[in-house]
Amino acid sequence: MSSFVKDFSKAMSQAGTSQFQEVIRQELEYSMKVELDKILATAPSNELEHTKKDLEGFKKLFHRFLQEKGPSVDWGKIQRPPEDSIQPYEKIKARGLPDNIASVLNKLVVVKLNGGLGTSMGCKGPKSLIGVRNENTFLDLTVQQIEHLNKSYNTDVPLVLMNSFNTDDDTKKILQKYSHSRVKIYTFNQSRYPRINKETLLPIAKGVSCSGENTECWYPPGHGDIYASFYNSGLLDNLIGEGKEYIFVSNIDNLGATVDLYILNHLMNPPNGKRCEFVMEVTNKTRADVKGGTLTQYENKLRLVEIAQVPKAHVDEFKSVSKFKIFNTNNLWIALSAIKRLQEKNAIDMEIIVNPKTLDGGLNIIQLETAVGAAIKSFENSLGINVPRSRFLPVKTTSDLLLVMSNLYSLNAGSLTMSEKREFPTVPLVKLGSSFTKVQDYLRRFESIPDMLELDHLTVSGDVTFGKNVSLKGTVIIIANHGDRIDIPAGALLENKIVSGNLRILDH
């Protein structure tokens, strides 16, 4: 931390120096304004309006960042949500479906968060274009799901992709292949904000350009930006004009996030006659989900609390599976009219996530971001629905990819469902080592995906390859030490086995 920022923090914490704090805040805001004006002056005329909107949004976020002190939640105020504020999915499903489900579906828009790159899995370009099953990408599966809905019910559910400046061009090129599918596809771009130097709290960008060496100067500010950018794009108004009432928002890499007719019916035809403006799907925590955001009652409102907001002394309590039993899947159902109303009043309140990063050259920067689910407290009559774990099937790593490519799941009309041949519905725990991190390395190490129907736990570390038609059952641990290599032969059955050392199958 720079001495300037240390002094600033120290000053902020001393009582009776509010005047001094205010002077420093104003100076920082003024310096930021000067730098942003310089950046805006470099914008070509066709990008001027758009850039102005982005920088205005960033200025508001920066202003709030300077106002906030310490963790954004007071731990003493956190309470368990009231019983009826998180409904079990079984109760929602038990209501059944009305005869006119098509007219309900015609009020829906599916929105996928498509701003992420596949870099963490060693891929260039948008993550949504990585192949996940039978050559199908995340985007292919999404389009197939919605097309199946539209054909089955003779409806017109559109797909909206929220792209970032990182993914927009590549996504638009690929969309041409769906021109004959029965899904209208729209896109809009989330904002583009300048990264700021951690020491000076000023932008590292000198101009508006985002190409070449300037790509590192800009970032998409998290999925909480959906409200402003959706509204600013004009698409929100167009969809309301077409009679659409709700959006179903989810991450494009969550293969469990399909349109659920029971939840949609609950929204459109609420049992008490009062519609929810915001529904968050939550699911039960396992030991693997201890860092996931959780729903709490806070100042008489449902509120999403993320681990970053928790005071250090309470982090272990937050991670407790017994105290906080559920976490947010980021599958959200939101009323379009409510987004419009709140956006026009500038009344959507989301906590700021400060995301520190170190750039390739060693420069420490921070990104100011927000999360879409954090807005739940700004909406009226919000609700959590505790859904089955099957609605949360994210693919963040090649370990996740192995699960969804395997015979644990069957694919039907773009949707993955757990195979009926698996005797218990839990997903095996899979940990693939660093040799498998990149998708191309991972694919090279499996001649075919093993049979995993009876697998509980798989750990693989080091230089390991799998031949064709391997079966894995129970707990399997395969560890090739440094310099060793293990080739699992074709047709091998490993059941409750630990394999270590050096096992090389030579070609004859």
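Placed above this text is the structure.
Residues numbered from 1 in each chain as written. Predicted model: local features only at pLDDT ≥ 70, side-chain atom pairs only at ≥ 80, totals over all residues. Heavy atoms only, no water.

Caption draft 1: Highlighting the packing of helix H2 (residues 18-41) against helix H3 (residues 48-67). Two elements in contact, H2 and H3, have axes whose closest approach is 11 Å; the angle formed by their N-to-C orientations is 165 degrees. The orientation of H2 with respect to H3, classified from their angle, is roughly antiparallel. Considering only the axes of H2 and H3, their crossing is right-handed. Seen from H2, the contacting residues are Arg25, Leu28, Glu29, Met32, Lys33, Leu36, Ile39 and Leu40; seen from H3, they are Leu48, Thr51, Lys52, Leu55, Phe58, Lys59, Phe62, His63, Leu66 and Gln67. Among the residues making up the contact of H2 with H3, the classes are represented as ten nonpolar, three polar and five charged. (Axes fitted to C-alpha atoms, helices over the stretch in contact; angles between N-to-C directions. Helix = DSSP H or I, 4+ residues; strand = E, 2+ residues; numbered from the N terminus. Parallel < 35°, antiparallel > 145°, perpendicular 65-115°, else oblique. Left-handed = near helix turned anticlockwise from the far one by under 90°. Contact = heavy atoms within 4.5 Å. Nonpolar A, V, L, I, M, F, W, Y, C, P; charged D, E, K, R; others polar.)

Caption draft 2: Structural detail: the packing of aromatic side chains. This structure, assessed with the given rule, holds 14 aromatic pairs. Relative to Phe62, the ring of Phe58 lies with its centre 6.2 Å away and its plane at 20 degrees, an arrangement referred to as stacked. Taken together, the positions of Phe58 and Phe62, both in helix H3 and four residues apart, correspond to about one turn of that helix. Both residues of the pair, Phe58 and Phe62, belong to the buried class. When the centroid spacing of 6.0 Å and the interplanar angle of 45 degrees are considered together, the rings of Tyr227 and Phe379 count as tilted. On the criterion of sequence distance, the pair formed by Tyr227 in helix H8 (residues 226-233) and Phe379 in the loop between strand S16 (364-369) and strand S17 (382-386) is long-range, its members being 152 residues apart. (Phe/Tyr/Trp six-rings, centres within 6.5 Å; stacked < 30°, edge-to-face > 60°. Buried < 20%, exposed > 50% of the residue type's maximum accessible area, 1.4 Å probe, protein only.)

Caption draft 3: Quick peek at the layout of surface pockets. When its volume is computed, the second largest pocket comes out at roughly 1,200 Å³. Considering the residues around the second largest pocket, the lining is formed by 42 residues, among which Asp54, Ser191, Tyr193, Asp225 and Asn232 are closest to the centre. Listed by contribution, the elements that provide at least two residues to the lining of the second largest pocket are H3, helix H7 (168-175), strand S6 (185-189) and H8. Element by element, the count of residues in the lining of the second largest pocket is highest for H3, at ten residues. Its residues assigned to classes, the lining of the second largest pocket comprises 13 nonpolar, 17 polar and twelve charged. (1 Å grid on protein atoms, 1.4 Å probe; cavity = no way out; pocket = protein on both sides within 12 Å on 5 of 7 lines; lining within 4 Å. Points joined across faces, edges and corners; volume = space filled by probe spheres on them.)

Caption draft 4: Highlighting the sheet that holds strand S11 (residues 278-284). Reading across the sheet, the eight strands line up as S1-S17-S11-S14-S10-S2-S5-S6 and stay open at both edges, with mixed pairing between neighbours. At either margin of the open sheet sits one strand with a lone partner, and together these are strand S1 (86-88) and S6. Between one strand axis and the next, the sheet turns through 25 degrees on average, direction left out of account. In this fold H7 packs onto strand S2 (108-114), strand S5 (159-163) and S6, with an angle of close to 170 degrees to the strand it touches most, S6. (Pairing = 2+ DSSP bridges.)

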